[in-house]
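Here is what each chain is made of, one letter per residue.
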Amino acid sequence: MTGIDDNAPKFDALEGSMRDFRYLPGTDLLARVSAFYDWQQIRRAAGVWPLGRSTEHGAFSRCSARTDEGALFEGVNFASQDYLSLNSHPVILETAIEAMREYGVHSAGSPALVGNTSLSIALEDKIAEFLGYDHVALFPTGWAAGFGVIKGLVRPNDYIVMDALSHACLQEGAQAATRNIHLFRHNQIEGAREKLAKIRSTDTENGILIVTESLFSMDSDTPDIRALQELAHEYGATLLVDVAHDLGNLGPTGRGFIEIQDMLGKVDVVMGSFSKTFASNGGFVAARGRSVKEYMRYFSSPNTFSNALSPASAAIVGKAFDIVSSAEGAKLRGELMANIQMLRSLLGGCDLETYGDPSAIVCVKMGTEALARLASRRLPALGMLANLVEFPAVPKGQARFRLQVMARHSQHDILDAVHRLSAATSDATEDLQLLQSGAISLATLDEARPLPRRPARESVQVAGPAMDDAVRKPPIPANERRRRSRSAAAA
Ligand SMILES: Cc1ncc(COP(=O)(O)O)c(C=O)c1O
């Protein structure tokens, strides 16, 4: 018996997905993962592996970055999560430095022992007050909060009724807690009702947790949170809402969709992350009554058996909540929304469709994975960082770029992003057409379709719109792109 299986998946650079490598054949756990690495290398050789990048000096609105092979490029950055631009806020930086001077850099223990500091205790109280709850438990990451709240509360005989597009931390928490998981179609309240009615028709003894998000990060849409909470009351269930993406940056006072839907303090359990708006790692779970927080501390593994949030993180997040609650926070939210509207409208003007409603997440439709990967190959050379999202994170054939907007993006940044994405999409459409017609191959792509060369250093000072040579070509309209890719497929 060999550890490597001849049936290991093999694809070319424009085919296959992560899902194909989740379950690999073979007995040797370490050898069989090479099938995935081989696929990555094939994609890297064709320039279509856009993941695992790093920024050189911080994730700012323009920055330099490296591919996971170390190639350096520069450009406008729509791939980082810093919605209110607090990562570079001078008061936040000062706060972090002061906290480190006073408390050291390490929390040195779990919250169940002596990992909390006066800073993290104060942060728990601040978040509780902000959201209208009595108590909050902090977690080392948002992922840990999502996983931990479900694993902490739900037992094997209980049920989970969950929006099918819920984040991985919620899905994995559910899988770790019980086999009784019922997914309902995205944002379909009636689907959730059917699942609840079916469960309660046979089981009135065990608990049910309904799980959703206030803002879905691949579609930029929101459920009817009030209706879900009413359903929870009707069927003796508990509602959990993950507010990772909208808390702090949406809503009149920054309390996100639970504020917009007049549900502040009315949702059974709220969890969130600090990594999108609050300039730090970390997450939280908020509920009424101290008992839930106490139970989390001793029965939710990522709370019990993992180090508490560092003092610097607790101080940063506390200060970020102060800014969010201030007039400056309102101004930053106004600037962010103006940027979002401008980006969406300019993208539309270039025939690039966006998903959902205005939020800091602007997902741009690409369609096939092949087209999206070819567009991602062009973006670094054009001077843009953007995250490509494809199956299984989104349905097959619905690949998209997920742009994340910051309050401090300038109009110039937005114009550049739109021009560059539009140019990348148009050129990738031609790349694909040539590949599909057999006129060129992936092996000769770089020679046949060379990438534009950019000046060594991108200016961050230029005021007003500017368009570089690489993007001066008019975009190919969406219907023309579709026509060309249909005729190439037929060829
Ligand atoms: C909806 C949602 N929940 C939770 C998380 C996890 O948050 P964190 O990055 O703080 O671990 C994310 C981040 O991707 C998210 O999008």
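Procedures and definitions
Residues numbered from 1 in each chain as written. Predicted model: local features only at pLDDT ≥ 70, side-chain atom pairs only at ≥ 80, totals over all residues. Near = placed C-beta within 6 Å. Helix = DSSP H or I, 4+ residues; strand = E, 2+ residues; numbered from the N terminus. Nonpolar A, V, L, I, M, F, W, Y, C, P; charged D, E, K, R; others polar. Core = buried A, V, L, I, M, F, W, Y, C linked by C-beta atoms within 7 Å. Buried ≥ 20, exposed ≤ 12 C-beta atoms within 10 Å, placed from the backbone. Domains from an automatic or database assignment. Contact = placed C-beta atoms within 7 Å. Axes fitted to C-alpha atoms, helices over the stretch in contact; angles between N-to-C directions. Parallel < 35°, antiparallel > 145°, perpendicular 65-115°, else oblique. Left-handed = near helix turned anticlockwise from the far one by under 90°. Pairing = 2+ DSSP bridges. Right-handed = clockwise from strand over helix to strand, strands pointing away. pLDDT = per-residue confidence, 0-100.

Participant: I keep staring at the site of the ligand and nothing clicks. Help me out?
Facilitator: Neighbouring the ligand are 14 residues, the closest being Gly142, Trp143, Ala244, Ser273 and Ser275. In terms of residues, the shell around the ligand owes the most to one element, helix α4 (residues 142–153), which gives three residues. Taken together, the residues of the shell around the ligand sort by class into three nonpolar, nine polar and two charged.

Participant: I tried to follow the nonpolar core on my own but got confused; where do I start?
Facilitator: For soluble globular proteins, nonpolar side chains are generally found buried alongside one another. Grouped together as the largest cluster of nonpolar side chains are 129 residues, with contacts concentrated most on Val161, Leu209, Ile210, Phe284, Val285, Ala286 and Ala320. Looking at which domains feed residues into this core, each of domain 2 (61–83 + 328–490) and domain 3 (90–325) gives three or more. Excluding anything up to four places from it in sequence, Ile210 contacts Val161, Ala192, Leu228, Leu231, Ala232, Ala237, Thr238, Leu239 and Leu240.

Participant: Help me understand unusual backbone geometry, please; the structure alone is not making it clear to me.
Facilitator: What is expected of a backbone is that most residues other than glycine have negative phi and most peptide bonds are trans. The residue after Phe391, namely Pro392, is reached through a cis peptide bond having omega 10°. Here Pro392 is to be found in the loop between β13 (387–389) and β14 (399–404). Look at Asp262: it is not a glycine, yet its phi comes out positive at around 55°. On the secondary structure map, Asp262 appears in the loop between α8 (256–260) and β9 (269–273). One non-glycine residue, Ala279, adopts positive backbone phi at about 60°. With respect to the element layout, Ala279 can be found in the loop between β9 and β10 (283–287).

Participant: I would appreciate a short explanation of the environment of Leu14 in the present structure.
Facilitator: In this fold, Leu14 is placed in the segment before α1 (34–45). In this structure the C-alpha to C-alpha distance between Leu14 and Ala370, which are 356 residues apart in sequence, comes to 4.8 Å. Not counting chain neighbours up to four residues away, the residues in contact with Leu14 comprise Val48, Glu369, Ala370 and Arg373.

Participant: It is not clear to me how the packing of helix α13 (residues 369–382) against helix α14 (residues 411–437) should be interpreted in this structure. Could you clarify?
Facilitator: Axis angle and axis distance: for two packed helices, these are the angle between their axes and the distance between the axes, and together they describe the pair. Where α13 meets α14, the axes come as close as 8 Å, and the angle between the chain directions of the two elements is 130°. One way to sum up the angle between α13 and α14 is to call them oblique. The chirality of how α13 crosses α14 is right-handed. Counted together, Ala370, Leu371, Leu374, Ala375, Arg378, Leu379 and Leu382 of α13 and Arg420, Ala423, Ala424, Thr425, Asp427, Ala428, Thr429, Asp431 and Leu432 of α14 form the full contact between these two elements.

Participant: Teacher, can you tell me more about the pairing of strand β6 (residues 181–184) here?
Facilitator: Working note: regular strand, side chains alternate between the two faces of the sheet. Two elements, strand β5 (residues 159–163) and β6, share four bridges in a ladder whose sense is parallel. Residue pairing for β6: Met162 is matched across the bridge by Leu183. Each parallel crossover has a hand, and for β5 linked through helix α5 (residues 168–177) to β6 it is right-handed.

Participant: Explain the pairing of strand β3 (residues 72–77) to me, please; I cannot follow it from the model alone.
Facilitator: Among the six residues of β3, five are classified as buried, and the element is accordingly described as predominantly covered. Both strand β2 (residues 62–66) and β3 contribute to a ladder of five bridges, which runs antiparallel. In the sheet register, Arg66 faces β3, and the bridge partner there is Leu72. The hairpin formed by β2 and β3 contains five residues between the paired strands, and Gly70 there has a positive phi angle of roughly 95°. Across two bridges, the pairing between β3 and strand β12 (residues 384–385) is parallel. By the bridge assignment, Val76 is partnered in β12 with Met384.

Participant: Mind showing me how you'd approach the confidence of the model for the chain here?
Facilitator: Note that predicted coordinates carrying low pLDDT should not be read in detail. Summary statistics for the chain give a mean pLDDT of 93 and a share of 91% for residues scoring 70 or more. Low pLDDT (under 50) marks residues 459–475, which in the prediction has 23 contacts with non-local residues, meaning those over four places away or in another chain.

Participant: Help me out: how do you make sense of the domain arrangement of the chain in this one?
Facilitator: Buried accessible area, meaning the area lost when the parts come together, often serves as the stated size of an interface. By the assigned domains, the chain splits into domain 1 (1–45), domain 2 (61–83 + 328–490) and domain 3 (90–325). When each unit is reduced to the centre of its C-alpha atoms, the spacing between domain 2 and domain 3 is 32 Å. Contact residues are listed per partner, giving 18 residues for domain 2 and 18 residues for domain 3. Broken down by secondary-structure element, the contributors of at least two residues to the side of domain 2 that touches domain 3 are α12 (327–349) and β11 (361–367). Considering every element that reaches the side of domain 2 that touches domain 3, the biggest residue donor is α12, with four residues. For the side of domain 2 that touches domain 3, the class distribution of residues is nine nonpolar, four polar and five charged.

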